[in-house]
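Descriptive analysis of the structure
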Amino acid sequence: MRVNVTVNGEARQADDVWEGESLLYLLRERLGLPGSKNACEQGECGSCTVYLDGTPVCSCLVAAGQAEGREVRTVEGLADGDRLDPVQQSFVDAGAVQCGFCTPGLVVAAHDLLNRVPNPSDEEIREALAGNLCRCTGYEKILDAVRAAAK
């Protein structure tokens, strides 16, 4: 099957997409966008979070065919050329990036939160990031990064 999708503002096409192929596989392997990570493949860790028509989703749980004619924005698409999005930059500045596996999903989740709630409370930040697992940071630097991006 052929899938036509707009990714990060650019019309893209993938051929020979197999039934049951995930959006995550389509993005990483067919379209060369490795930012979203393949970790649990069960929607439990959040590492593969992307926007689908403006809503954050675990791309490992979305069939590639479901993206037909839709808009996807990945962690790569948050940056403006070489200039990082403020959320991305705050993760770097706060030292919230360690192994980096969880970072793309956390950045997309934080970006979504700050679009909805420009000055979130710590409770709101924790709730928004609850679907994202990190094994390295202990989360405090991640919270610091979101707080900094909110400013």
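Just above sits the structure.
Below is a summary of the structure that appears in this document.

What counts, and at which threshold
- Residues numbered from 1 in each chain as written.
- Predicted model: local features only at pLDDT ≥ 70, side-chain atom pairs only at ≥ 80, totals over all residues.
- Heavy atoms only, no water.
- Patch = residues over 30% accessible without salt bridge, like charges linked within 9 Å, V, L, I, M, F, W, Y side chains within 5 Å.
- Areas by Shrake-Rupley, 256 points an atom, 1.4 Å probe, with all protein chains shown as cover.
- Salt bridge = Lys/Arg side-chain N within 4 Å of Asp/Glu carboxyl O.
- Helix = DSSP H or I, 4+ residues; strand = E, 2+ residues; numbered from the N terminus.
- Pairing = 2+ DSSP bridges.
- Axes fitted to C-alpha atoms, helices over the stretch in contact; angles between N-to-C directions.
- Contact = heavy atoms within 4.5 Å.
- Buried < 20%, exposed > 50% of the residue type's maximum accessible area, 1.4 Å probe, protein only.
- Polar contact = N/O pair within 3.5 Å; in protein donor to acceptor, adjacent residues only side chain to side chain.
- 1 Å grid on protein atoms, 1.4 Å probe; cavity = no way out; pocket = protein on both sides within 12 Å on 5 of 7 lines; lining within 4 Å.
- Points joined across faces, edges and corners; volume = space filled by probe spheres on them.

1. A few points about a nonpolar patch on the surface
Taken together, the side chains of Leu-84, Val-92 and Val-97 present a nonpolar region at the surface, about 220 Å² in accessible area. Structurally, Val-92 is set in helix α2 (residues 86-93).

2. Overview of the sheet that holds strand β4 (residues 55-58)
Strands sit in the order β2-β1-β5-β3-β4 across an open sheet of five strands; the sheet is mixed. Two strands lie at the open edges of the sheet, namely β2 (10-14) and β4, each paired on one side alone. Adjacent strand axes in the sheet meet at a mean angle of 40° when their direction is disregarded. Relative to β4, strand β3 (residues 49-52) runs antiparallel, the two sharing four bridges. Residue Val-50 lies in a different strand from β4, and its bridge partner there is Val-57. Strands β1 (3-7), β2, β3 and β5 (71-73) of the sheet are contacted by helix α1 (residues 23-30), whose axis makes an angle of about 75° with β1.

3. A word on the side chain of Ser-22
Looking at the element boundaries, Ser-22 is found in the loop between β2 and α1. On the basis of relative accessible area, Ser-22 is assigned to the buried category, the value being 17%. Reaching out from Ser-22, the side chain makes a polar contact with the backbone nitrogen of Tyr-25 at a distance of 3.0 Å. Once you skip the residues sitting within four places of it in the chain, Ser-22 turns out to touch Ser-59, Cys-60, Val-62, Ala-63 and Ala-64.

4. Examining the layout of surface pockets
Estimated volume of the largest pocket: approximately 170 Å³. Along its surface, the largest pocket is lined by 13 residues, and Val-75, Leu-84, Gln-88, Thr-103 and Val-107 are the ones closest to its centre. Secondary-structure elements contributing two or more residues to the lining of the largest pocket are α2 and α3 (103-116).

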